[in-house]
Amino acid sequence: MILLLFGPPGCGKGTQAVFLAEKFHIPAISTGEMFRAECKAGTPLGKMACQILSSGKLVPDEITNGIVATRIAQPDCANGFLLDGYPRTVPQAMHFSTLLRQRNLPDPIVIHLDVPATDLIARLTSRRQCPQCKRIYNLLSQPPKAAGICDDDGAKLIEREDDRESVIVQRLHAYEELTGPILKWYGQSSVCRVNGAASPDQVKTAVIEAVNRQLAADPVR
Ligand SMILES: [Zn+2]
């Protein structure tokens, strides 16, 4: 089973990736982790990716594709895997499709966690961070015990520069511009759109149902 998870910043994708990995006994692989592991292993691709990342640039498609191809050939991926953050471009999606066919692997199940922009903005602008221990709070879902103060060390919580509304709106636009064409390329009929605005448990149930529906429709996956 090959799952691809898409969703805008603040949609709770990381939490769902962990749930899905546990439920289906497959590894959840994020591109960030993959790059870091490859860097640490010191492979030629890893070294290139490291250099590019440390200069703040985007890793080119060929290097990313190569790292993904290596990662999904690992034994822990024998029963399937979940990718978070890949493919990031239409050419990467096309390449990935060819790779799966070459390896006789099934088509991916594509999950899109859909959350209205207003909800995302509300969630993200409610984040506060402790400047001392860096712990993150959310005034809506995980507030500190005393308003504005870190539970652990009593420091005054701050709003991160990244979580200001204008920055968030920009990030959401960037996400849509990047991901819209990829979802279009996969085609409306093969993308499972899940309402990500509900509680994490409700979203989890909806995602699992969507995956099972896809599996039932096409047991080869
Ligand atoms: Zn703190």
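Computed from a prediction, not measured in an experiment: that's the story for all the values here. Numbers given for residues are sequential positions, taken from 1 along each chain in its written order. Where local features are concerned, this predicted model is filtered to residues with pLDDT of at least 70; where side-chain atom pairs are given and counted, the filter is 80 or more; whole-chain, interface and lining totals use all residues. As a rule here, side-chain values come from all non-hydrogen atoms in the structure, and water together with hydrogens is ignored.

## Focus on the overall build of the protein chain
Right, so step 1: Looking only at helices and strands, the protein chain has eight helices and seven strands in total.
Right, so step 2: For this measure, only C-alpha atoms enter the radius of gyration; the expected value for a globule follows 2.2 Å times N^0.38, where N is the number of residues. Here the protein chain has a C-alpha radius of gyration of 19 Å; the compact-globule value for 221 residues is 17 Å, and the two agree.
Right, so step 3: Projected onto its principal axes, the C-alpha positions of the protein chain cover 55 × 40 × 30 Å.
Right, so step 4: Whether a residue is buried, partly exposed or exposed follows from its accessible area with a 1.4 Å probe, protein chains only, as a fraction of its type maximum: under 20%, in between, or over 50%, in that order. Expressed as a percentage of its 221 residues, the buried residues of the protein chain come to 40%.
Right, so step 5: We call two residues in contact whenever any of their non-hydrogen atoms come within 4.5 Å of each other. Taking the contacts inside the protein chain whose residues are at least 6 apart along the sequence as the reference set, 67% of them involve residues at least 24 apart.
Right, so step 6: Per-residue and other accessible areas follow the Shrake-Rupley method at a 1.4 Å probe size, with only the shown protein chains counted as cover for residues. As displayed, the protein chain has an accessible area near 12,100 Å², and 54% of this comes from carbon and sulfur atoms.
Right, so step 7: Neither His nor the chain ends is counted toward charge; the positive residues are Lys and Arg and the negative residues Asp and Glu. For the purpose of locating charges, the reference atoms are NZ of Lys, CZ of Arg, CG of Asp and CD of Glu. For the protein chain, the distance from the average site of its 25 positive side-chain charges to the average site of its 23 negative ones is 2 Å. Working definition: helices are DSSP H or I runs of at least four residues, strands are E runs of at least two. Numbering for both runs from the N terminus.

## Quick look at unusual backbone geometry
Right, so step 1: Put simply, Tyr86 and Pro87 share a cis peptide bond, and its omega is -10°.
Right, so step 2: Positionally, Pro87 belongs in the loop between strand 3 (81-84) and helix 5 (90-102).
Right, so step 3: Phi is positive for His25, close to 55°, though the residue is something other than glycine.
Right, so step 4: Positionally, His25 belongs in the loop between helix 1 (13-24) and strand 2 (28-30).
Right, so step 5: Judged by relative accessible area, which is 66%, His25 ranks as exposed.

## Some details on the coordination of the zinc ion
Right, so step 1: Metal donors: N, O and S atoms at distances within 2.8 Å, or within 3.2 Å for Na, K and Ca, with water omitted from the atom set so that some sites may seem incomplete. At this site the zinc ion is bound by Cys130 (SG), Cys133 (SG), Cys150 (SG), Asp153 (OD) and Asp153 (OD), with donor distances of 2.2 to 2.6 Å.
Right, so step 2: Within one chain, the residues serving as donors to the zinc ion are arranged as C-x2-C-x16-C-x2-D. You can see Cys133 sitting in the loop between strand 5 (127-129) and strand 6 (136-138) and its partner Asp153 sitting in the loop between strand 6 and helix 7 (165-186), a full 20 residues away along the chain.
Right, so step 3: Here Asp153 falls in the partly exposed class, since its relative accessible area comes to 33%.

## What about the nonpolar core?
Right, so step 1: As used in this record, nonpolar core signifies buried Ala, Val, Leu, Ile, Met, Phe, Trp, Tyr and Cys residues forming a set joined through side-chain atoms within 4.5 Å. Phe81, Leu83, Phe96 and Tyr186 are the most contacted members of the largest nonpolar core, which has 28 residues in total.
Right, so step 2: Every element with two or more residues in this core is listed here: strand 1 (2-6), helix 2 (31-41), helix 3 (44-54), helix 4 (61-71), strand 3, helix 5 and helix 7.
Right, so step 3: When sequence neighbours within four positions are dropped, the list of residues in contact with Leu83 reads Leu3, Leu4, Leu5, Ile29, Val68 and Phe96.
Right, so step 4: In this structure, Ala17, Ile109, Val115 and Leu172 belong to the second largest nonpolar core, which totals 25 residues.

## A word on the state of the cysteines
Right, so step 1: Here, two cysteine sulfur atoms that lie within 2.5 Å of each other are counted as a disulfide. Summed over all chains, the structure comprises one disulfide.
Right, so step 2: Paired by a disulfide, Cys39 and Cys50 hold their sulfur atoms 2.1 Å apart. Linking Cys39 in helix 2 with Cys50 in helix 3, this pair joins segments that are eleven residues apart in sequence.
Right, so step 3: Here Cys50 falls in the partly exposed class, since its relative accessible area comes to 28%.

## Let's talk about the packing of helix 5 against helix 7
Right, so step 1: Angular values range over 0 to 180 degrees, each being the angle between N-to-C directions of two axes fitted as lines to C-alpha atoms, with helices fitted over their stretch in contact. In the contact formed by helix 5 and helix 7, the axes pass within 9 Å of each other and the chain directions differ by 35°. Of helix 7, the residues touching helix 5 (which contributes Val90, Ala93, Met94, Phe96 and Ser97) are Pro181, Ile182, Trp185 and Tyr186.
Right, so step 2: Amino acids are sorted into nonpolar (Ala, Val, Leu, Ile, Met, Phe, Trp, Tyr, Cys and Pro), charged (Asp, Glu, Lys and Arg) and polar (every other residue, Gly among them). Counted by class, the contact of helix 5 with helix 7 contains eight nonpolar, one polar and no charged residues.

## Quick notes on the packing of helix 2 against helix 3
Right, so step 1: As a packed pair, helix 2 and helix 3 sit with axes 7 Å apart at the nearest point and diverge in direction by 120°. By crossing handedness, the relation of helix 2 to helix 3 is classed as left-handed. Of helix 3, the residues touching helix 2 (which contributes Phe35, Glu38 and Cys39) are Gly46, Ala49, Cys50 and Leu53. Crossing handedness follows the turn of the near helix against the far one: under a right angle anticlockwise gives a left-handed crossing, and clockwise gives a right-handed one.

## A short note on helix 8 (residues 200-217)
Right, so step 1: For a helix, the expected span equals 1.5 Å multiplied by the number of residues minus one. For helix 8, which comprises 18 residues, the first-to-last C-alpha distance of 26 Å matches the rise-based estimate of 26 Å (1.5 Å per residue) to within 8%.
Right, so step 2: Residues of helix 8 that are buried: Val203, Val207, Ile208, Ala210, Val211 and Gln214. All buried residues of helix 8 fall inside an arc of 160° around its axis, so they share one side. In helix 8, the exposed positions angled more than 90 degrees off the buried face are occupied by Asp201, Arg213 and Ala216.
Right, so step 3: Packing partners of the buried residues in helix 8 comprise strand 1, helix 1, strand 4 (109-114) and strand 7 (191-195). Note that the arc is computed from the directions linking the helix axis to the C-beta atoms.

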